[in-house]
Amino acid sequence: EEEEEEEDDDDDDVDLFGSDDEEQEKLKAQRLADYQARKATKPKLIAKSSIILDVKPWDDETSMEELESCVRSITLDGLKWGASKLIPLAYGIKKLQISCTVEDDKVGTDILEEKITGFEDLIQSMDVAAFNKI
């Protein structure tokens, strides 16, 4: 019985495919190096979002042209303003609906809201009407 057990142990040491550990390590290292080189040359994908903002004035006497120019005057790295339109709100008051594209790593809605509501003489509040990943 002991002889049979010894023979079974010998089977564990036999490499049926005849591969050499050193060769495998070299091949693995070469493949990793190739992968890293390809990964380094591939352009990074920049995560962007399309945001539609509703900017509400204090009353119907607020100049909407001035309000829009104030909003558009906000410049941040990764922020691009798009189309805008005036939408009736109530009692002759209109809100500014403006779209923008932002790079997610650089610009957040909290920064936008802080900057926009900073024009407190013209702007009562700001809401995010739509937020879509691009």
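Summary of the structure given here.

What counts and how
- Residues numbered from 1 in each chain as written.
- Predicted model: local features only at pLDDT ≥ 70, side-chain atom pairs only at ≥ 80, totals over all residues.
- Heavy atoms only, no water.
- Helix = DSSP H or I, 4+ residues; strand = E, 2+ residues; numbered from the N terminus.
- Buried < 20%, exposed > 50% of the residue type's maximum accessible area, 1.4 Å probe, protein only.
- Contact = heavy atoms within 4.5 Å.
- Areas by Shrake-Rupley, 256 points an atom, 1.4 Å probe, with all protein chains shown as cover.
- Core = buried A, V, L, I, M, F, W, Y, C linked by side-chain atoms within 4.5 Å.
- Salt bridge = Lys/Arg side-chain N within 4 Å of Asp/Glu carboxyl O.
- Pairing = 2+ DSSP bridges.

## Overview of the overall build of the protein
Phase 1: Counting its regular elements, the protein contains 4 helices and 4 strands.
Phase 2: Counting the 134 residues in the protein, one finds 22% classified as buried.
Phase 3: Sequence separation of 24 or more characterises 71% of the internal contacts of the protein that already satisfy a separation of 6 or more.
Phase 4: About 10,400 Å² of surface is accessible on the protein, with carbon and sulfur atoms providing 48% of the total.

## Section: the nonpolar core
Phase 1: The biggest cluster of nonpolar side chains holds 20 residues, and the ones touching the most others in it are Leu53, Val55, Val71, Trp81, Leu112 and Ile116.
Phase 2: The set of elements that each furnish at least two residues to this core consists of strand 1 (48-57), helix 3 (64-72), strand 2 (79-90), strand 3 (93-103), helix 4 (109-116) and strand 4 (123-133).
Phase 3: Beyond its immediate sequence surroundings of up to four residues, Val55 is in contact with Leu67, Val71, Lys95, Leu96, Ile98, Ile116, Ile123, Ser125 and Met126.

## Some words on the pattern of salt bridges
Phase 1: All told, the structure shown has 6 salt bridges when counted by the stated rule.
Phase 2: Lys56 serves as the salt-bridge partner of Asp127, at 2.5 Å between the closest nitrogen and oxygen. Within this pair, whereas Asp127 is found in strand 4, its partner Lys56 is found in strand 1, the two being separated by 71 residues in sequence.
Phase 3: A relative accessible area of 33% places Asp127 in the partly exposed class.
Phase 4: Across the salt bridge formed by Lys106 and Glu103, the nearest N and O atoms sit 3.3 Å from each other.
Phase 5: Classification of Lys106 by relative accessible area gives partly exposed; the value is 42%.
Phase 6: Overall, the relative accessible area of 17% leaves Glu103 in the buried class.
Phase 7: What you see here is one network of salt bridges that share partners, running through Asp77, Glu103 and Lys106.

## Quick notes on the pairing of strand 3
Phase 1: Bridging between strand 1 and strand 3 involves 8 bridges; their strand directions are antiparallel. Its bridge partner being in strand 3, Leu53 is matched across the sheet by Ile98.
Phase 2: As defined by bridge partners, strand 2 adjoins strand 3 across 9 bridges and the pair is classed as antiparallel. By the bridge assignment for strand 3, Leu79 is matched with Val102.
Phase 3: Between strand 2 and strand 3, which pair antiparallel and follow one another directly, the connecting turn spans 2 residues, one of which, Tyr91, has a positive phi of 50°.

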